[in-house]
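Close look at the chain arrangement
Residues per chain are reported as follows:
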Amino acid sequence: MSNLGIIFAVLGMALAALLPGWGSAKGVGMAGQAGAGVLADNPSLFSKVLVLQLLPATQGIYGFLIAVIAMGNIGISGGDFNMSIAKGLAYLGACLPIAVVGFISAIHQAKTSIASMQLISKRPDQFGKSMLFPVMVEMYAILAVLVSFIAVNGVAGMAL
Amino acid sequence: MAQEQYIYAVTRVHNNEQTLLTAQDVERLVEAKDAAEVFALLANKGWGSPDLPPGNPEALVAFEMDRTWSFVGELSGDVSLFNVFRLANDYHNLKAAIKLAYTANSSAENEAYFLKHGTIEVATIVAAAAEHNFATLPDAMAAAGKEAYEVLAHTSNGQLCDIVIDRATLLAIDAAGKKSTSKLLQQYATLTVDVANIKAAVRCCAMQKKPEFIERVLAPVGSLNVPALAAAAAQNMAAIYAVLHGTAYQNAIEELKTSLAAFERWCDDELIELIRPQKNNLFTIEPLAAYVLARENEINLVRLVFSAKINGLPAQTLRERLRKTYV
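Everything numeric in this text was worked out from a predicted model, so none of it was measured.

**Looking at the overall build of chain B**
Broken down by element type, chain B carries 16 helices and zero strands. Relative to the globule expectation of 20 Å for 327 residues, the C-alpha radius of gyration of chain B, 21 Å, shows essentially globular dimensions. Seen through its principal axes, chain B has C-alpha atoms that stretch 50 × 50 × 45 Å. When each of the 327 residues of chain B is scored for burial, the buried share is 48%. Contacts in chain B between residues far apart in sequence, at least 24 positions, make up 67% of those at least 6 positions apart. If you sum the accessible surface of chain B, you get close to 15400 Å²; carbon and sulfur atoms cover 53% of it.

**Observations concerning the overall build of chain A**
Looking only at helices and strands, chain A has five helices and zero strands in total. Counting from the amino terminus, chain A carries its helices and strands in the arrangement α-α-α-α-α. If one aligns the C-alpha atoms of chain A with their principal axes, the spans along those axes are about 60 × 20 × 20 Å. The buried share among the 160 residues of chain A stands at 42%. Across chain A, every contact between residues at least 6 apart in sequence was considered, and the portion connecting residues at least 24 apart equals 88%. Summing over all exposed atoms, chain A offers an accessible surface of approximately 7500 Å²; the carbon and sulfur share of this is 75%. The positive charge centre, built from 7 side chains, and the negative charge centre, built from 4, are 9 Å apart in chain A.

**Digging into the interface of chain A and chain B**
With 16 residues of chain A at the interface, the matching set in chain B holds 15 residues. For the chain A and chain B pair, buried surface summed over both sides reaches about 1400 Å², with 54% attributable to carbon and sulfur atoms. On inspection of chain A and its partner chain B, the count reaches two salt bridges. Residue R12 of chain B is joined to D41 of chain A by a salt bridge in which the shortest nitrogen-to-oxygen separation is 3.4 Å. Connecting chain A to chain B are eight residue pairs in polar contact (both at pLDDT 80 or more). Looking at the side of chain A that touches chain B, the elements with two or more residues in it are helix 1 (4-41) and helix 4 (85-122) of chain A.

**Quick notes on the environment of N251 of chain B**
All names here are of chain B. Counting through the fold element by element, N251 comes out in the loop between helix 12 (237-244) and helix 13 (253-258). Given the relative accessible area of 58%, N251 is considered exposed. Spatially, the C-alpha atoms of N251 and H92 are 30 Å apart, while their sequence positions differ by 159 residues.

**Side note on the packing of helix 1 of chain A against helix 4 of chain A**
Residues and elements named next belong to chain A. Here helix 1 crosses helix 4 at 5°, and the two axes come no closer than 7 Å. The angle between the axes of helix 1 and helix 4 places the two elements in the roughly parallel class. Grouping the amino acids of the contact of helix 1 with helix 4 by side-chain chemistry returns 28 nonpolar, nine polar and two charged.

**Quick notes on the side chain of S113 of chain A**
Residues and elements named next belong to chain A. Tracing the sequence through the fold places S113 in helix 4. Overall, S113 belongs to the buried group, its relative accessible area being 0%. Residues within four places of S113 in sequence aside, it is in contact with L52, L55, P56 and P134.

**Some details on the packing of helix 4 (residues 57-76) of chain B against helix 15 (residues 286-310) of chain B**
Residue and element names in this part refer to chain B. Here helix 4 crosses helix 15 at 175°, and the two axes come no closer than 10 Å. When the axes of helix 4 and helix 15 are compared, the pair comes out roughly antiparallel. A per-class count over the contact of helix 4 with helix 15 returns 15 nonpolar, two polar and six charged.

**Let's talk about helix 14 (residues 260-275) of chain B**
In this model, helix 14 of chain B (16 residues) spans 23 Å end to end at C-alpha, consistent with the 22 Å of a helix rising 1.5 Å per residue. Three or more residues of helix 14 of chain B are buried, namely A262, F263, W266, C267, D269, L271, I272 and I275 of chain B.

**Observations regarding the pattern of salt bridges**
Residue and element names in this part refer to chain B. Here the structure, examined in full by the defined rule, presents 23 salt bridges over all chains. For E31, the salt bridge is made with R319, and the minimal N-O distance between the two is 2.4 Å. With a gap of 288 residues between them, E31 in helix 2 (residues 23-31) and R319 in helix 16 (residues 315-321) connect regions that are remote in the sequence. We classify E31 as partly exposed; its relative accessible area is 48%. Here K324 and E273 are joined by a salt bridge, their closest N and O atoms 3.0 Å apart. Taken together, the positions of K324 in the segment after helix 16 and E273 in helix 14 put the pair 51 residues apart, joining distant regions of the chain. Overlapping salt bridges, with partners in common, bring together E64, R67, R295 and E298 in one network.

**Re the side chain of N297 of chain B**
If you trace the backbone, N297 of chain B turns up in helix 15. A polar contact of 2.9 Å, which involves the side chain of N297 of chain B, links it to the backbone oxygen of K324 of chain B.

**Focus: the environment of V195 of chain B**
Residue and element names in this part refer to chain B. Checked against the element boundaries, V195 lands in helix 9 (residues 183-206). In sequence terms V195 and E147 are 48 residues apart; their C-alpha atoms lie 24 Å from each other. Beyond its immediate sequence surroundings of up to four residues, V195 is in contact with Y249, F263 and C267.

**A closer look at the state of the cysteines**
Here, disulfide denotes a covalent bond that connects the sulfur atoms of two cysteines. Inspection of the entire model under this criterion finds zero disulfides over all chains. Free cysteine: C204 of chain B, not disulfide-bonded; nearest cysteine sulfur from C205 of chain B at 8.7 Å.

Quick notes on the rules
Residues numbered from 1 in each chain as written. Chains lettered and ligands numbered in written order. Predicted model: local features only at pLDDT ≥ 70, side-chain atom pairs only at ≥ 80, totals over all residues. Heavy atoms only, no water. Helix = DSSP H or I, 4+ residues; strand = E, 2+ residues; numbered from the N terminus. Rg over C-alpha atoms; globule rule 2.2 N^0.38 Å. Buried < 20%, exposed > 50% of the residue type's maximum accessible area, 1.4 Å probe, protein only. Contact = heavy atoms within 4.5 Å. Areas by Shrake-Rupley, 256 points an atom, 1.4 Å probe, with all protein chains shown as cover. Lys, Arg positive; Asp, Glu negative; His and termini not counted. Charge placed at Lys NZ, Arg CZ, Asp CG, Glu CD. Buried area = accessible area lost by both parts, 1.4 Å probe. Salt bridge = Lys/Arg side-chain N within 4 Å of Asp/Glu carboxyl O. Polar contact = N/O pair within 3.5 Å; in protein donor to acceptor, adjacent residues only side chain to side chain. Axes fitted to C-alpha atoms, helices over the stretch in contact; angles between N-to-C directions. Parallel < 35°, antiparallel > 145°, perpendicular 65-115°, else oblique. Nonpolar A, V, L, I, M, F, W, Y, C, P; charged D, E, K, R; others polar. Expected span 1.5 Å × (residues − 1). Disulfide = S-S within 2.5 Å.

Below is the structure:
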């Protein structure tokens, strides 16, 4: 029972890495299939398609970033496993925004990227506008990573 | 099916929609001065191949149909998903095979009577009809084939043979639609069956057929009240309009009052409106189905244009018979 605090904290860290990474992997894969479909008939659109395919990859990076920061703050690499349950839960809560929003936004961004790829396959001159649609989804992942970043650092300074 | 499974296929289909004939392309075909100009315009849209015999419209449309099924088969990996479109070809082939078997006709030119892209090999159907043994065919088709052959053998009446097989075709399409998980394919099956029943009812009414005959002709499936439609067809056209009133075919009543050809055009346009939303569908198999129907529609349209140009029909007359395009 005395280790519950660190368990909660590590769970939060793991979720921050796991869920957005999962969402990004799925999203980039879906967008990759659509990209291959576009390139089968329009190989000249490779660079534009690649940009759109990579947009859902950012959530995985955000999750990884929060997980690394949380790992450093928890002190897991130093072998110190003493942490109160309250603090462990606080770390878990701090990691949840990017874990959940990262996963969901990666999938939705992938779907929007696929729609944008189909748009540029028909109208290559609309690349700029087509990129804006998936970028809009990115905004919520950015908000989530900011909240998680501030919260993880805030929890580190709490005397819980 | 997981929606991710069709992302590649749907993207390629949407990409290929750019090569479909637009309303402007069709207008150019209509305005073409002769069939040679139609060939040239279609070649600019990517139709045909250098290997095709020049100046042969049938070879061109057959090639384009083969190309469509080959493309969709490659993308879907399983053309049986589209059986609801292909069953009519099987039953057409069954009808042709039975009549050829009955007349003991084994001419080498018989190939022209059969359609490709069915679910069953033509040779299997021909062998079943020739040997009067339909057990090699699926149950429903075997039963229809046996009954149609017996009717033809006993009455020598080709029309009665056609009625048996046409009804079986509609039942098979309806069953395939119900079996499909795609809402579009279900709607297609219902529309096909309903339209066939309405056309049959109108023809029976015009020929003043007896109620028992009409009941044998109409297939008891689809969204319409078929017993009521059959009873109406035994009375008059006004009774048929009354049955259609309040159904999805209410707007077709005016077309039916004009002519059966106008009604057929309305049905084809309805089908295009039914599939049009698939242009914005990114994930499911339905855009592939819509693409097949759109290609069939434009191939029929091109066939009509060639026929008009070869027979010297004026552009205005042709325009009145044209259907909507998908893109």
